[in-house]
Each structure stands twice: as structure tokens, then as C-alpha cells.
Amino acid sequence: MTMFGSQWLAAPSAAAYEIDNSCRFNGDSILKITPGSDGDRNTWTFSTWFKRSLIDTGTGIGTIQNIFGAGSLAGTIDCDLYIGSYDTPYNGMKVAIKDASDIAKLSRTFRDPSAWMHVVWRMDTTQGTEADRMRIYINGDLITAYDDITYPSEDEDLDIPRSGYQISLGAASDVSGYPDGRFFFDGYLAETHFVDGSSLGPDSFGETNSDGVWIPIETSGITYGTHGFFLDFSNSGGLGNDSSGNSNDLTSSGLTAANQMTDTPTNNH
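Owing to the predicted nature of the structure, the values given are computational and were not obtained by experimental measurement. (Residues numbered from 1 in each chain as written. Predicted model: local features only at pLDDT ≥ 70, side-chain atom pairs only at ≥ 80, totals over all residues. Heavy atoms only, no water.)

Draft legend 1. Molecular detail of the pattern of salt bridges. Per the counting criterion, the structure on display carries six salt bridges. Here R24 makes a salt bridge to D186, at a shortest N to O gap of 2.9 Å. Here D186 lies in strand β13 (residues 186–196) and R24 lies in strand β1 (residues 22–26), a separation of 162 residues in the sequence. Look at R24 and you get buried, because its relative accessible area is 16%. The exposure class of D186 is buried, given its relative accessible area of 14%. Residue D132 is joined to R135 by a salt bridge in which the shortest nitrogen-to-oxygen separation is 4.0 Å. A residue is classified by how much of its surface remains accessible, and D132, at 27% relative accessible area, is partly exposed. Through salt bridges that share partners, D38, R41, D159 and R162 make up one connected network. (Salt bridge = Lys/Arg side-chain N within 4 Å of Asp/Glu carboxyl O. Helix = DSSP H or I, 4+ residues; strand = E, 2+ residues; numbered from the N terminus. Buried < 20%, exposed > 50% of the residue type's maximum accessible area, 1.4 Å probe, protein only.)

In C-alpha cells form, the structure reads like this:
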């Protein structure tokens, strides 16, 4: 059985692959890139390891912590993966598409600031079965229990990757549209992938070891597509540097070399 949460207090002894670095988002920082052309707006994959630092207990816009998203330069939110809620204290994860007209609210909450977790958000709106159009995995397990979910329509064009729509890590898609600085993530990200044009399962990024713990693997053979990228945060002077071979480097705001960390899923501090 896959384990969650505090098993990361000690690094797995049999891990074959070591992650050296993560990026610490301080609740006021962002990595961003704006595609100059459309990619595959039906099919893509987002994967990252994350660890929270600030666990919210209140309500309102200040409790939203955005991990990944894309939005127009006018400030609208068109695809987002985030933790939090406007109206009730909530430490669960949500994904929203098309200004939240399509939304998935996971039943599971994330309250452990000592735990590294892995999330895969897998999109393929060409699928005839609606449950196959949007799939979310936590630590390798497909999420089937939702408090609320509405799937995108078949062949629906998403707003990522879309020309002029900013792709962001660690904050809302266009923070200039939110002068109060809401939607910033407070925590760590590691091994962050965006794959343009392919719908990939979690086994492309991790595996269950002999102790039943979900661990990262060294990725290989991934075709990232036109606007895809892979961030391993190995360059402290360029935390948004793309290691996929595509040279889709993300621009940072509010991040310095001090935000490069050695706290990772395989070396948990």
C-alpha cells in the first residue's frame, strides 16, 4: 500500500535516484514564461514534488496557494492547481479550468509541513470517457474521491499552452492583476515537469519501492513538446533554467540564489 505524509521524515534507504535541489517559494515569488504560440491545448501533463511551509487555518483570498497555472495577461485564471479555499478553512487541493467552470476539489487534505508529496495533473480532452480527460495522482495513486468535480468537454481547447497566456509556478498566472499579492505558494517544489502534447501517468516520474513508499525516478525518454520544460533547480543563479533540452527558461521574480535548497524528496530536512 502506498504510504503518505510523514514517511519522508527519513529518506528512503533504497532510493536509486537522488534529487539534489529544490526551490523555496516564500509566499511572494514566482517563476513564469509566456508562450509566443499555441501548443497542444488538448493534451499535456504537469508533474512536481511539493512540500508546504505555511498551513492556513483561515478563509479568504489570502489562503489560496497556487502551485501551477496559466492565465491571460488580463489577469484571468484559466488553468490552475492550488491549495486552499475562499470561503472555508481548507487545506485540500483543487484544479480549475476555464475560470473555474470546470473544477476538481480533492477530498484529501495536505496539512503536514514535513511531508514531500508528488502530484501529477494529466489532461487529454480528446478522450471519449470524461474521467480520462482529467486525471490527478497523488504519490502515484489515481484520485477517485472528489468533494466536487466537473470534467472538461470532449476536445475542449484549454488555455495552456496558449499564445500570450502566462504559465506560472508558485503564484497566480498574472500577479500584476492581483495587487494584494494573493495566490502565492509558501513551500518547496522539486523535479517540476510540464509536458506539452503528451498525457503521462505517474510511472513516468516515480515508482513504489520495496517498502511501499512512492519515490522519484530519473526520468528518460520524455518528449516535452514545443512549450514543455523540466526544472531541476540545479543552477542557483537561474532557478528557472529548463533542463529538458527545449531552452524554455522561466523568468523569476522574488527568487535569489538563497532560494535554492537541498531539502528534497530524497533528502528531507
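Draft legend 2. Quick look at the packing of aromatic side chains. In this structure the tally under the stated criterion is nine aromatic pairs. Between F46 and F68, the aromatic rings sit 3.9 Å apart at their centres with planes inclined by 10 degrees, giving stacked as the arrangement. Of this pair, F46 sits in strand β3 (residues 43–52) while F68 is found in strand β4 (residues 65–72), placing the two residues 22 residues apart along the sequence. Of the two residues, F46 and F68, both sit in the buried class. Taking 5.9 Å as the distance between ring centres and 35 degrees as the angle between the ring planes, the aromatic pair formed by F68 and F194 counts as tilted. Here F194 lies in strand β13 and F68 lies in strand β4, a separation of 126 residues in the sequence. Residues F68 and F194 agree in their burial class; the two are buried. Ring pairs connect the aromatic residues W44, F46, F68, W121, F194 and F229, which therefore count as one cluster. Of note, R24 hangs over the ring of Y188, and the distance from its end group to the ring centre comes to 5.3 Å. Of note, K51 hangs over the ring of Y188, and the distance from its end group to the ring centre comes to 5.3 Å. (Phe/Tyr/Trp six-rings, centres within 6.5 Å; stacked < 30°, edge-to-face > 60°. Lys NZ or Arg CZ within 6 Å of the ring centre and 35° of its normal.)

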